[in-house]
Amino acid sequence: MSHEVHHEENENASSSTSQLELFNLIGGSWPPAPREPERLEYGSVPRGARRTMQHSGHNERIKSVNLINHLAPEKRKIRQNTSNRSGISEESVQSNKMVNETKKVETGVLIDVCGGDVNEEFYDSPSLGSPRAVNLEASSQSPPVLDDIGVGSLVEVATDVDQNYYGVVRWIGLIDDIATAGVELEQSVCGLGDGLHRGSRVFTCASGRALFVPLPLCRRDARFTDTPPPETHHTEIGEQPECPVVTGVVPPLTSLGDLAGKNRGIQGHHNSCYLDATLFAMFTFTSVFDALLYRPPEPEDSPHYSEVQRVLREEVVNPLRRHGYVRADRVMKLRTLLERLSDVPGLTCEEKDPEEFLNGLVAQLLRAEPFLKLSSGQEAFCYQLFVEKDEHITLPSVQQLLEQSFATSGVKLSEVPAAFIIQMPRFGKQYKLYQRVQPSPLLDVTDLIEGLPRQCTVCGGLARWECSSCAGGALDAGALCNSCLRLAHATRPTHKAVPLTISEEYANILESCPVPRVYMELFAVLCIETSHYVAFVKTGVGHDAPWCFFDSMADRKGERNGYNIPEIVCVSELGSWLSEEGRALARAAPLDRHLPAPAKRLLSDAYMCFYRSPDVAMYR
């Protein structure tokens, strides 16, 4: 009797210990609160919910610290003769398992992760040994590649706690003769490493992202399989130019050459004009943004960084520069990646603005260094003009608006930018502060840069002081030297000037010679009219370089099953529209319909101006 009581106490203690270990393992209560299963087909994603590493909700379990123990088992068989020889009952063996019975893992995205014919040794091994890369030619035990998964594949790994993990396969090999994949996860998970396995460096990634998992547990990332490809054009597809993948380094074009004509540029498809015009402006004739194409991946980058960069470089930019044409399906591949991986929804089908595209691609996925660094400590990729309307000005220039905006905000640039993207003072697609704005061909940013020597607005000497009250909205009017400051403030006792920071190393030299000015060159203007974006782009470097006009949907062939025809047109007279001749043209044509169509688009529909500093860009 006492022996039976003692036996029951041991069983209770064992059960209590098992429950405690299980509670600590999963980081929450067990069993979990019942949840309504999602009844979705394989490859579908619930509308309005993003399948990411982080889940929120009161009824969802907290992620386990030990992810390996939660990898979904599939029909593991317990051999009766093995358990009998070891003296352990089948029931006691099952009580120590995370999953107590054979079941199908259903996560809403992945159903039945592993097939029933998978060898059980993939799952019954208690621990993985030292990693060993596979030599597919020499090894007769090469790992089975499921779903054509290889290094670089986007995969998902299911667990038995209703949590899917997404990442990129960085390594495939054998660990203790088990086919194993080294996966770099999208986000960090507590308890994981950086690609180091038992002292051996298998691959390198950020800490907390390296997961070594049996290869059969990996499946293709379903998030990238539920978006249909662009509409096929049936018989018309054969009439479109070829668009092969172009590897390597392809420099930007230096002239328009034979690029003008139809079926040239980037083909538009499903509201893609915002992206087509922006990419054409950024990469066709300038290298100021080429660092985005070639920066090596860093540990902090997304696991999908290399794939996004490769698609942008080899399937969009390089074909555009080499062959002058990018087909819509190539662009759709990039749009699908942005749709799935960034926080900007609707990039594959909805109307968007260029700044949303830049935020998703440049800021989030490519993690580029911000183009603009302000004296306030803020950083940005583009600058929105915020100004009060002056009723006496009918055709303001970008130079005037920029100086007014900086004077009003009280901030400056902490350094000369390589690229300066300026958004016009308009909100949405309809409201415009000014009906027309003239882009300045050269942008003088000398007075906008903190720490640059400035010229006295009165005598032209080296300015030592700045007075915002004297400036009256024009930055250059507020810069004064010592003597001019005394004269100007003699009758203005309420004005207060602040000293300018000037390197004394150059002060003596600049006192006796003209103060240098810093200019940036206009190289592209994005315009919008009735929700459609087009681009004017400079086809070379220098003041006299000709301009071209690009429209990704200039024409169309066919109806429902047809396709758009992009077009590039040379606009030789655009340079004159940016000068005083353009101002005279605007005064002579008070109504937009009196202007030539290209001039009207440039002056009335300007949305975003792109400036570059070739001298600075060469060091970036």
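Reading the values: the criteria
- Residues numbered from 1 in each chain as written.
- Predicted model: local features only at pLDDT ≥ 70, side-chain atom pairs only at ≥ 80, totals over all residues.
- Heavy atoms only, no water.
- pLDDT = per-residue confidence, 0-100.
- Contact = heavy atoms within 4.5 Å.
- Helix = DSSP H or I, 4+ residues; strand = E, 2+ residues; numbered from the N terminus.
- Buried < 20%, exposed > 50% of the residue type's maximum accessible area, 1.4 Å probe, protein only.
- Polar contact = N/O pair within 3.5 Å; in protein donor to acceptor, adjacent residues only side chain to side chain.
- 1 Å grid on protein atoms, 1.4 Å probe; cavity = no way out; pocket = protein on both sides within 12 Å on 5 of 7 lines; lining within 4 Å.
- Points joined across faces, edges and corners; volume = space filled by probe spheres on them.
- Nonpolar A, V, L, I, M, F, W, Y, C, P; charged D, E, K, R; others polar.
- Axes fitted to C-alpha atoms, helices over the stretch in contact; angles between N-to-C directions.
- Parallel < 35°, antiparallel > 145°, perpendicular 65-115°, else oblique.
- Left-handed = near helix turned anticlockwise from the far one by under 90°.

(A) Fine view of the confidence of the model for the protein chain. Per-residue confidence for the protein chain gives a mean pLDDT of 75; residues scoring 70 or more make up 69%. Predicted confidence is poor over residues 74–130, with pLDDT under 50, and the contacts of this stretch with residues over four places away or in other chains come to 102 contacts. Within the model, the stretch residues 134–145 combines pLDDT values under 50 with 18 contacts to residues more than four positions away or in other chains.

(B) View of the side chain of Thr 284. Within the fold, Thr 284 resides in the loop between α5 (273–283) and α6 (291–294). On the basis of relative accessibility, which here comes to 0%, the residue Thr 284 falls in the buried class. A distance of 2.7 Å separates the side chain of Thr 284 from the backbone oxygen of Phe 280, its partner in a polar contact. Sequence-distant contacts of Thr 284, defined by excluding residues within four places in its chain, comprise Pro 252, Leu 253, Leu 259, Leu 279, Leu 320 and Arg 321.

(C) Inspection of the side chain of Glu 186 at higher detail. Relative to the helices and strands, Glu 186 resides in the loop between β4 (178–185) and β5 (196–197). A distance of 2.9 Å separates a polar atom in the side chain of Glu 186 from a polar atom in the side chain of His 304.

(D) Structural detail: empty space enclosed by the protein. This model, assessed by the stated rule, comprises four cavities of 30 Å³ or more. Computed from the structure, the largest cavity encloses a volume of approximately 70 Å³. Surrounding the largest cavity, Met 424, Pro 425, Arg 426, Lys 432, Leu 433, Tyr 434, Gln 435, Arg 436, Val 437, Leu 603, Ser 604 and Ala 606 form its lining. In terms of residue class, the lining of the largest cavity is built from seven nonpolar, two polar and three charged.

(E) Main features of the packing of helix α7 (residues 305–323) against helix α8 (residues 328–341). Remark: α7 packs on α8, axes separated minimally by 9 Å, with the N-to-C direction vectors making an angle of 160 degrees. One finds that α7 runs roughly antiparallel with respect to α8. Where α7 crosses over α8, the handedness of that crossing is left-handed. Along the contact surface, α7 presents Glu 307, Val 308, Arg 310, Val 311, Leu 312, Glu 315 and Val 316, while α8 presents Arg 330, Lys 333, Leu 334, Leu 337 and Leu 341. Partitioned by chemical class, the residues of the contact of α7 with α8 number seven nonpolar, no polar and five charged.

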